[in-house]
Each structure stands twice: as structure tokens, then as C-alpha cells.
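Survey of secondary and tertiary structure
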Amino acid sequence: MATAERRSAAARKAVRTSWVNTTDRRARTQAATQASPVSLDYWIARLRSEREYATEQDLLKAAETALSLVMSERGRAGAESRRRNKAAKQEAARLAASA
């Protein structure tokens, strides 16, 4: 077990050292950001590969709508998660008070 802990600690140190030596964080993460569903570029590329649009403006509008849909779904899921966590904490407090 100690070996796994040492590897984990060494990996954390390597990651932190790497970020300390990164001068342009935005440039380092740009490729991953553009490949992510939270990027308009992602939706433009995806929608362009799925079908043809009459104009680039139509493609852009569809990509903006897809991005908006994903972001609103993530917001809804986050709110639902917070509600569940709050209810669980209240239930735990109720059980602790009645014990």
C-alpha cells in the first residue's frame, strides 16, 4: 500500500511542478477546451460533420443553440444535485437529533 501512496504523492508533485512551470495556462488547456462540449467550436465542428447548413450563419445559430441546451441541462443537473445533498444533510441531522 505504501508503494501506491508513494506513486500517488510523486504524481501529485509532478503535476504541480508542471503547472508551476507553465507560463501560459490558457494555451496549455486550449486544445482540450475546444474539444469540450462547453465550447462553441466543439458544436460547430460536430454539427458541420453531421449535416449541411445553407449558410455559415445557420450553422453558427445551431451551434449556439446546442451549446445553450447543454449548459442549461448541466445547470439543471447541478441544481438537482444540490437539492438532493441538502435533503440528505437535513435527514442526517434529523436522525442524529432523534438518536
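The rules behind the values
Residues numbered from 1 in each chain as written. Predicted model: local features only at pLDDT ≥ 70, side-chain atom pairs only at ≥ 80, totals over all residues. Heavy atoms only, no water. Helix = DSSP H or I, 4+ residues; strand = E, 2+ residues; numbered from the N terminus. Rg over C-alpha atoms; globule rule 2.2 N^0.38 Å. Contact = heavy atoms within 4.5 Å. Areas by Shrake-Rupley, 256 points an atom, 1.4 Å probe, with all protein chains shown as cover. Lys, Arg positive; Asp, Glu negative; His and termini not counted. Charge placed at Lys NZ, Arg CZ, Asp CG, Glu CD. Phe/Tyr/Trp six-rings, centres within 6.5 Å; stacked < 30°, edge-to-face > 60°. Buried < 20%, exposed > 50% of the residue type's maximum accessible area, 1.4 Å probe, protein only. Lys NZ or Arg CZ within 6 Å of the ring centre and 35° of its normal.

Okay, the overall build of the chain next. On a plain count of helices and strands, the chain comes out with four helices and zero strands. Written out in order from the N terminus, the α and β elements of the chain read α-α-α-α. The C-alpha radius of gyration computed for the chain amounts to 22 Å, which surpasses the reference 13 Å derived for 99 residues by more than 25%, pointing to a less compact arrangement than a globule. Summarising its shape, the C-alpha atoms of the chain cover approximately 65 × 45 × 25 Å along the three principal directions. Taking as baseline every contact in the chain between residues at least 6 positions apart, the subset at least 24 positions apart corresponds to 28%. Taken as a whole, the chain presents about 8,100 Å² of accessible surface, with 56% of it coming from carbon and sulfur. Charge separation in the chain, taken as the distance between the mean sites of 20 positive and 11 negative side-chain charges, equals 13 Å.

Now for the packing of aromatic side chains. Inspection of every chain in the model, using the stated rule, returns one aromatic pair. Relative to W43, the ring of Y42 has its centre 5.0 Å away and its plane inclined at 85 degrees; by these criteria the two rings are edge-to-face. The exposure class of Y42 is partly exposed, given its relative accessible area of 21%. Residue W43 is classed as buried on the basis of its relative accessible area of 10%. The residue whose ring lies beneath R28 is W19, and the NZ or CZ to ring-centre distance is 3.9 Å.

Don't take any of this as a statement about function, it's just geometry.
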